[in-house]
Amino acid sequence: MREIASISIIQFSIVYILLLVVLAVMKKAKINQTKLLFVASVRLTLQLTLAGFILTYIFENPHPIFILMYLTSMILFAIHRVLSKNKCMNRGFKIAVSLSLACSGLGIVIFFVTAVVGQSIFDPQYVIPLSGMIIGNAMTGVNLATKTFCESLSEKRQQMESLLNLGVTPQKILLPMVNQALETAMLPTLNSMLGMGIVSLPGMMTGQILSGTLPTTAILYQISIMIAICAVVCLSVFGSLYFGYKTLYNSRNQLFYL
Amino acid sequence: MIRYPNIKIAKGKTTFIHGPSGCGKSTLLKLINGTTSPDSGEIFYKGNNIENIDTIDLRREILLVAQSVFLFTGTIEENFKKYYEYRDHDAPSKEEMEKFLKICSAEFPLETRCETMSGGERQRVYIAIFLSFMPDVLMLDEPTSALDNTSSDIMMSNIKNFSKDNEMTTIVVSHYLTLAEKYGDEIIALERSKQ
């Protein structure tokens with residue numbers, strides 16, 4: 001395998017020509033999102049450049065405190081994104097979501113880096129990219145699950161009220177909605193596992209192959225990270241919803257959302 | 001803040017609760033079946049404070065048929081079965097279902113899909129399903145709100161007779177005074193409480 005070819009700044013800047021193509025299509029199709037395309041492109045460039053500098057510094061000066069700070073800020077950002085996108089949650093539900101994201105995210109990262117890859121949890125080369133993939137997917141899963149659950153709660157108010165009046169327990173009323181939200185959140189991950197290797201070569205594997213890793217090694221990494229992602233999505237969503245839904249009723253079996 | 005006077009509901013009778021909008025008629029029913037709690041005061045059922053009764057048992061004995069009708073997507077028969085499944089009960093026989101539909105003036109074939117029915121028809125089917133659970137106390141919140149006068153009369157008359165025959169206590173919230181005077185053994189008039 002050859003080492004990856006480095007891209008000069010001039011070669012790199014050619015890629016922005018493709019954005020002009022996107023812009024032309026958007027104009028032709030009268031999609032009024034020119035500003036968004038511009039902002040998104042600038043943010044993409046700035047954020048990744050900044051991340052590049054930070055990562056270079058951390059890789060050259062590896063210290064556990066950097067890893068801890070990186071993981072903490074990543075988890076806090078993930079929690080913030082989920083909570084700010086789903087306003088329907090009460091305080092208890094927010095705590096359940098936060099703890100589930102943090103515990104399952106950290107747990108799977110530690111397990112994956114130490115047990116599967118066999119490296120130190122403070123090795124930035126492994127922890128940073130792997131935790132990004134694991135915690136990022138957990139965030140997307142919990143976001144989708146809580147959104148589905150909240151929509152279900154507001155759509156099924158009359159059903160919930162009828163069943164409660166009939167003497168059905170809140171658990172029995174809410175659990176089908178919890179299970180449905182869990183399924184909705186799991187499906188994208190399961191579907192991407194189905195198509196992997198046939199429909200697309202996944203990002204991490206592509207990156208490894210580009211940088212000179214043997215495809216057989218890259219495949220092992222890809223399979224194991226997909227299984228880790230599947231597990232973290234399942235655990236974080238399960239924890240968020242199963243501990244969260246219990247905050248929606250009290251000991252008198254009264255629902256707070258009615 | 002809603003303030004209620006001392007209220008007594010007679011066992012085995014049909015009691016109408018009447019009053020203007022916003023006086024707390026529906027809230028009173030929710031307080032009685034424990035789906036909401038009072039800030040102060042007490043409610044007794046068969047001599048026991050309802051705070052000391054298991055809320056699920058209480059709601060099964062004191063059944064509230066809310067004003068907002070909910071029927072699952074499917075036929076009338078499937079709706080009976082679905083509600084009974086939630087209560088972990090075997091669904092009644094087709095004859096039983098038809099009997100309760102007849103009491104509620106909802107003599108539609110059991111295969112009728114509920115989503116194709118009118119608001120009034122759905123309301124009668126909904127009440128029939130709840131009535132079939134034969135609670136000790138049946139609470140109906142504006143049961144005739146979507147019905148015409150003829151259907152209202154037939155249904156209320158049948159429910160009153162059925163309750164009497166089965167010693168069922170019935171509490172009806174209605175803002176139709178004529179209905180209350182015609183079918184109520186007792187009428188409790190609520191007023192909008194002053195702040």
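For the structure, check the block above.
The residue numbers shown here count from 1 along each chain, following its written sequence. Chains and ligands are labelled by the order in which they are written, letters from A for the one and numbers from 1 for the other. A pLDDT threshold of at least 70 governs which residues receive local features in this predicted model, and a stricter bar of 80 or more applies before side-chain atom pairs are shown or counted, although totals over entire chains, interfaces and linings include all residues. With hydrogens and water excluded, all non-hydrogen atoms of the structure serve as input to the side-chain values.

Now, about the overall build of chain A: what can you tell me, with residues and values included?
Runs of E in the DSSP output that reach at least two residues are strands. Runs of H or I that reach at least four are helices, and both are numbered from the N terminus. In terms of regular secondary structure, chain A is built from ten helices and zero strands. Listing the helices and strands of chain A from first to last along the sequence gives α-α-α-α-α-α-α-α-α-α. Dimensions of chain A, computed from the C-alpha atoms along their principal axes, are close to 70 × 50 × 35 Å. Within chain A, buried positions represent 37% of all 258 residues. Restricting the contact set of chain A to residue pairs at least 6 apart, pairs at least 24 apart contribute 72%. Total accessible area on chain A is roughly 14,800 Å²; 69% of this is exposed by carbon and sulfur atoms. Within this scheme the basic residues Lys and Arg register as positive and the acidic residues Asp and Glu register as negative, but His and the chain ends are omitted. The atom standing in for a charge is NZ when the residue is Lys, CZ when it is Arg, CG when it is Asp and CD when it is Glu. Charged side chains in chain A number 17 positive and 7 negative. The centres of these two groups are separated by 12 Å. Categorising residues by exposure relies on relative accessible area from a 1.4 Å probe, with only protein chains included: less than 20% of the type maximum marks a residue as buried, more than 50% marks it as exposed, and the intermediate range marks it as partly exposed. Between two residues, a contact is recorded if the distance between any of their heavy atoms is within 4.5 Å. With residues, only the protein chains shown are counted as cover, and all accessible areas are computed by Shrake-Rupley using a 1.4 Å probe.

I'd like a rundown of the overall build of chain B, residues and numbers included.
Along the backbone of chain B there are seven helices and seven strands. Walking chain B from its N terminus toward its C terminus, one meets helices and strands in the order β-α-β-β-α-β-α-α-α-β-α-β-α-β. The atom set for the radius of gyration is the C-alpha atoms, and the globule formula is 2.2 Å times the number of residues raised to the power 0.38. In terms of overall size, chain B behaves like a compact globule, its C-alpha atoms giving a radius of gyration of 17 Å where 195 residues would be expected to give roughly 16 Å. By its C-alpha atoms, chain B is 50 × 35 × 30 Å across when sized along the principal axes. Looking at chain B alone, contacts between residues at least 24 apart form 73% of all its contacts between residues at least 6 apart. Carbon together with sulfur atoms contributes 45% to the accessible area of chain B, which is approximately 9,800 Å² in total. Here chain B carries 23 positive and 29 negative side-chain charges, and the mean point of each set is 4 Å from the other.

Residues and numbers for unusual backbone geometry, please.
All names here are of chain B. Although it is not a glycine, S105 adopts a positive phi angle of roughly 55°. Take S105: it is sitting in the loop between α4 (94-103) and α5 (119-131). At E142, a position not held by glycine, the phi torsion is positive, near 45°. Of the residues examined, E142 reaches a relative accessible area of 6% and is grouped as buried.

If you had to explain the interface of chain B and chain A to someone new, which residues and values would you point to?
One widely used convention gives an interface's size as the accessible area the parts lose upon coming together. On the chain A side, the residues contacting the 28 residues of chain B number 16 residues. Summed over both partners, the accessible area lost on bringing two parts together, with a 1.4 Å probe, is the buried area. For the pair chain B and chain A, the two sides together bury roughly 2,000 Å², of which 49% comes from carbon and sulfur. Only one rule defines a salt bridge in this text: a Lys or Arg side-chain nitrogen within 4 Å of an Asp or Glu carboxyl oxygen. Where chain B touches chain A, the interface holds two salt bridges. The residue R252 of chain A makes a salt bridge to E51 of chain B at a minimum N-O spacing of 3.7 Å. For this analysis, a polar contact is any N or O atom pair within 3.5 Å, provided that within protein one partner can donate a hydrogen and the other can accept it, and provided that sequence-adjacent residues contribute only side-chain to side-chain pairs. Linking chain B with chain A are 15 residue pairs in polar contact (both at pLDDT 80 or more), by the criterion used here.

Let's hear about the sheet that holds strand β7 (residues 186-189) of chain B: which residues, and what values?
All names here are of chain B. One bridge is not enough; two strands pair if DSSP finds at least two bridges between them. Reading across the sheet, the five strands line up as β4-β5-β6-β1-β7 and stay open at both edges, with parallel pairing between neighbours. Both edges of this open sheet fall to β4 (62-65) and β7, since each of them pairs with a single strand only. On average, adjacent strands in this sheet sit at an angle of 15° to one another, irrespective of strand direction. Here four bridges tie strand β1 (residues 14-18) to β7, and the two strands are oriented parallel to one another. In the sheet register, F16 faces β7, and the bridge partner there is I187. Where helices are involved, their axes are fitted lines through C-alpha atoms of the stretch in contact, as for all axes, and angles between N-to-C directions lie from 0 to 180°. With respect to the sheet, helix α1 (residues 25-32) is in contact with β1, β4, β5 (137-141) and β6 (169-173), its orientation differing from that of β5 by roughly 150°. Along the sheet face, α5 touches β4 and β5 and points at about 170° away from the line of β4.

Can you lay out the pattern of salt bridges for me, pointing to particular residues and giving the numbers?
Going through the model one piece at a time under the given rule, you end up with eleven salt bridges over all chains. As a salt-bridge pair, D88 of chain B and K172 of chain A come within 2.5 Å of each other at their nearest N and O atoms. Of this pair, D88 of chain B sits in the loop between α3 (76-86) and α4 while K172 of chain A sits in helix α8 (residues 170-195), each in a different chain. A residue is classified by how much of its surface remains accessible, and D88 of chain B, at 61% relative accessible area, is exposed. By relative accessible area, K172 of chain A is classed as partly exposed at 28%. Residue R113 of chain B pairs with E115 of chain B through a salt bridge whose shortest N-O separation is 2.7 Å.

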